[in-house]
Amino acid sequence: MRDDPVKSMVRKILTDYLEANKHRKTPERYAILDAAYSMKGHFTMEELDGYLAEHSFRVSRATIYNAMRLFQELRLVTKHHLMSGTMFEAAYTSRNHCHQICTVCGKMTEVRVPEVVQAVNRVRLKRFKKDTFSIDFYGICSSCQARITRKKSKSEKSNNKKNK
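Each chain has its residues counted from 1, running along the sequence as written. Thresholds applied to this predicted model are a pLDDT of at least 70 for local features of residues and 80 or more for the giving and counting of side-chain atom pairs; totals over whole chains, interfaces and linings are not thresholded and use all residues. Side-chain numbers here rest on the full set of heavy atoms in the structure, without hydrogens or water.

A.B. asks: Now, about the overall build of the protein: what can you tell me, with residues and values included?
C.D. replies: Each helix corresponds to a stretch of at least 4 residues labelled H or I by DSSP, and each strand to a stretch of at least 2 residues labelled E; elements are numbered beginning at the N terminus. Scanning the protein from N- to C-terminus turns up 6 helices and 5 strands. For the protein, the sequential pattern of α-helices and β-strands runs α-α-α-α-β-β-β-β-α-β-α. The globule rule used here is 2.2 Å times the number of residues to the 0.38 power, and the radius of gyration it is set against is calculated over C-alpha atoms. Its C-alpha radius of gyration of 21 Å places the protein more than 25% over the 15 Å reference for a compact globule of 164 residues. Expressed along its principal axes, the backbone C-alpha trace of the protein runs to roughly 80 × 45 × 30 Å. Burial classes follow relative accessibility: with a 1.4 Å probe on protein chains only, a residue under 20% of its type's maximum area counts as buried, one over 50% as exposed, and anything between as partly exposed. Scored against the burial criterion, the 164 residues of the protein give a buried share of 30%. Here the analysis covers contacts within the protein between residues at least 6 apart in sequence; of these, 49% occur between residues at least 24 apart. Counting 32 positive and 17 negative side-chain charges, the protein places the centres of these two groups 8 Å from one another. Contacts: residue pairs with any heavy atoms within 4.5 Å of one another. Two residue types count as positive, namely Lys and Arg, and two as negative, namely Asp and Glu; His and chain ends fall outside the count. Throughout, a charge is located at the NZ atom of Lys, the CZ atom of Arg, the CG atom of Asp or the CD atom of Glu.

Structure below.
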């Protein structure tokens, strides 16, 4: 954890918060934070739990949920509500970003759209100071589009054979 500057920074943010609020600095909280920042991309609670178990760190489901709720409050982790379920991501290094989310399979990928970032940065809001954003684009991924097209084509061929 200490070799990675991002992990060191989020660990410091957590430590500062826990000390300032006189909360215990438990090894479970730090292990869950490390696991969240070790996951590649977006992850579910089950995947996080599996990662912890794989690395021989068993914690209760309640402890994971409570830690993740705290990390969300500290804006170290972001929670996404999707049709396919709830996903999380480490948020410290990806404050301003966009996702594309397939409404068929639920796949979520991060996309870089500099024009959107520039446009949002130019937006001035009344009586509100924005500091981060996340924008989600919903649609159908290319894999699902291909599958739908194949299915439609197959159905049309079948109907043509019946009509002849």
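Having seen the structure, we can now continue with the description.
A.B. asks: Talk me through the environment of Arg 127; I want residue IDs and the actual numbers.
C.D. replies: As for its placement among the helices and strands, Arg 127 is situated in the loop between helix H5 (114–122) and strand S5 (133–139). Along the primary structure Arg 127 and Tyr 30 are separated by 97 residues, whereas in three dimensions their C-alpha atoms are 36 Å apart.

A.B. asks: Kindly report on the sheet that holds S5, identifying the contributing residues and their values.
C.D. replies: Two strands qualify as a pair provided that DSSP identifies no fewer than 2 bridges between them. Taken in spatial order, the 3 strands make up an open sheet running S4-S3-S5, and their pairing is mixed. With one partner strand each, in any of the chains shown, strand S4 (108–111) and S5 form the two edges of the open sheet. When strand polarity is set aside, the average angle formed by the axes of neighbouring strands in this sheet is 30 degrees. Sheet topology note: the strand S3 (residues 96–102)/S5 ladder contains 7 bridges and is parallel. Opposite Ile 101, over in S5, you have Tyr 138 as the bridge partner. Axis angles are defined between N-to-C directions and span 0 to 180 degrees, where every axis is a line fitted to C-alpha atoms and, for a helix, only to the segment in contact.

A.B. asks: An account of the layout of surface pockets is needed here, citing residue identities and associated values.
C.D. replies: Detection works on a 1 Å grid of protein atoms alone, calling trapped sets that fit a 1.4 Å probe cavities and calling open sets with protein on both sides within 12 Å along at least five of seven lines pockets, with lining residues defined by an atom within 4 Å of a point. Grid points are joined across faces, edges and corners, and a volume is the space filled by probe spheres set on the points. Of the volumes computed, that of the largest pocket is approximately 150 Å³. Surrounding the largest pocket, Gln 100, Ile 101, Cys 102, Lys 107, Thr 109, Phe 137, Tyr 138, Gly 139, Ile 140, Cys 141 and Ser 142 form its lining. Listed by contribution, the elements that provide at least two residues to the lining of the largest pocket are S3 and S5.

A.B. asks: Explain the pattern of salt bridges to me, and be specific about the residues and the numbers.
C.D. replies: Definition used for salt bridges: Asp or Glu carboxyl oxygen within 4 Å of a side-chain nitrogen of Lys or Arg. For the structure shown, the criterion picks out 5 salt bridges. A salt bridge links Asp 34 to Lys 7, with the shortest nitrogen-to-oxygen separation between them at 3.0 Å. Here the residue Asp 34 occupies a position in helix H2 (residues 27–38), and Lys 7 occupies one in helix H1 (residues 5–20), the gap between them amounting to 27 residues. For Lys 12, the salt bridge goes to Asp 16, with nearest N and O atoms at 2.7 Å. One end of the pair, Lys 12, and the other, Asp 16, are both in helix H1, 4 residues apart, so they sit about a helical turn from each other.

A.B. asks: Report on helix H4 (residues 61–73), specifying residues and quantitative values.
C.D. replies: With 13 residues, H4 should cover 18 Å at 1.5 Å per step; its first-to-last C-alpha distance of 19 Å lies within 8% of that length. By the burial criterion, the buried members of H4 are Ile 64, Ala 67, Met 68, Leu 70 and Phe 71. Taken around the axis of H4, the buried residues stretch over an arc of 160 degrees, which confines them to a single face. Tucked inside the fold, the buried residues of H4 contact H1, H2, helix H3 (45–54), strand S1 (77–82) and strand S2 (85–90). One or two residues past the end of H4 sits Arg 75, with phi positive at roughly 60 degrees. Expected helix span is computed as 1.5 Å times (number of residues minus one). In this context, the arc is that of the directions from the helix axis out to the C-beta atoms.

A.B. asks: Could you give an account of the nonpolar core, with specific residues and numbers?
C.D. replies: One finds Leu 14, Ile 32, Leu 48, Leu 52, Ile 64, Met 68 and Phe 71 to be the most contacted residues of the largest nonpolar core, which totals 26 residues. Ranked by residue count, the leading element in this core is H2, at 7 residues. When sequence neighbours within four positions are dropped, the list of residues in contact with Leu 52 reads Ala 31, Ile 32, Ala 35, Phe 57, Val 59 and Ile 64. Grouping buried Ala, Val, Leu, Ile, Met, Phe, Trp, Tyr and Cys residues that are joined through side-chain atoms within 4.5 Å yields what is termed a nonpolar core.

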